[in-house]
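Architecture and fold: a report
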Amino acid sequence: MAWKLVVVAVVLVVGGVIGTNFGWAYALGPVLGYAIYRYITGNLRALMHGSNYMVDDGEVDGTDPLSGDERTLFWCEECGTEVMLLVRGTPRAPSHCGQRMHERTELLRPT
């Protein structure tokens, strides 16, 4: 832990010397480049695994229209978005805000 503080202190001192003598663009440019590199590789890391983990084995073939005496809603716990299901294509819930939505089935009263 102490060696990390020493490394950070040395980098700050060297960056300060370079920035005051040659201009701050030379001191902050590599730091900004490294930050952009880490951001891009972190976001693209999910592409290495593919989307095979998202596929369910029990998928329904074709479409299954819903009956008229109930309605199915999916809601997102993060932001509160609600989606009404008209035709069920697969048994799994849709995703929103990076998570699976929660299913809620309501029975409709005949009028």
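First, a word on scope: everything that follows refers to the structure included in this document. These figures come from a predicted structure and were not determined experimentally. (Residues numbered from 1 in each chain as written. Predicted model: local features only at pLDDT ≥ 70, side-chain atom pairs only at ≥ 80, totals over all residues. Heavy atoms only, no water.)

Below, the discussion takes up the overall build of the protein chain. Of regular secondary structure, the protein chain possesses two helices and seven strands. Ordered by position from the N terminus, the helices and strands of the protein chain form the series α-α-β-β-β-β-β-β-β. When each of the 111 residues of the protein chain is scored for burial, the buried share is 10%. Partitioning the contacts of the protein chain with sequence separation of at least 6, the portion at a separation of at least 24 is 48%. Carbon and sulfur atoms make up 63% of the accessible area of the protein chain, which totals about 9300 Å². (Helix = DSSP H or I, 4+ residues; strand = E, 2+ residues; numbered from the N terminus. Buried < 20%, exposed > 50% of the residue type's maximum accessible area, 1.4 Å probe, protein only. Contact = heavy atoms within 4.5 Å. Areas by Shrake-Rupley, 256 points an atom, 1.4 Å probe, with all protein chains shown as cover.)

Their axes nearest at 6 Å, the elements helix H1 (residues 2–22) and helix H2 (residues 24–44) cross at an angle of 140 degrees. In terms of orientation, H1 lies oblique with respect to H2. Contact with H1, carried on its side by Gly 15, Gly 16, Ile 18, Gly 19, Thr 20 and Phe 22, involves Trp 24, Tyr 26 and Ala 27 of H2 and no other residues of that element. The residue makeup of the contact of H1 with H2, split by class, is five nonpolar, four polar and no charged. (Axes fitted to C-alpha atoms, helices over the stretch in contact; angles between N-to-C directions. Parallel < 35°, antiparallel > 145°, perpendicular 65-115°, else oblique. Nonpolar A, V, L, I, M, F, W, Y, C, P; charged D, E, K, R; others polar.)

Let us now look at unusual backbone geometry. For Cys 97, which is not glycine, the phi torsion reads 55 degrees and is therefore positive. Among the secondary structure elements, Cys 97 is positioned in the loop between strand S5 (95–96) and strand S6 (99–100). Judged by relative accessible area, Cys 97 falls into the partly exposed class, the value being 44%.

A few words now on a nonpolar patch on the surface. A contiguous nonpolar patch, built from Val 6, Val 10, Val 14, Ile 18, Phe 22 and Tyr 26 and spanning about 610 Å² of accessible area, is present on the exposed surface. Structurally, Val 6 is set in helix H1. (Patch = residues over 30% accessible without salt bridge, like charges linked within 9 Å, V, L, I, M, F, W, Y side chains within 5 Å. Salt bridge = Lys/Arg side-chain N within 4 Å of Asp/Glu carboxyl O.)

This paragraph deals with the pairing of strand S2 (residues 70–75). Direction of pairing for S2 relative to strand S7 (residues 102–107): antiparallel, over a ladder of six bridges. In the sheet register, Arg 71 faces S7, and the bridge partner there is Glu 106. By the bridge criterion, four bridges tie S2 to strand S3 (residues 82–85) in an arrangement that is antiparallel. Its bridge partner lying in S3, Trp 75 is registered against Glu 82. The loop that links S2 with its antiparallel partner S3 comprises six residues; one of these, Gly 80, has a positive phi angle of about 90 degrees. (Pairing = 2+ DSSP bridges.)

A few words now on the sheet that holds S2. Read from one edge to the other, the open sheet built from three strands follows the order S3-S2-S7, with strand pairing classed as antiparallel. The sheet is open, and its two borders are formed by S3 and S7, each paired with just one other strand. On average, adjacent strands in this sheet sit at an angle of 30 degrees to one another, irrespective of strand direction.

Read these as layout, nothing more, since geometry by itself doesn't imply function.
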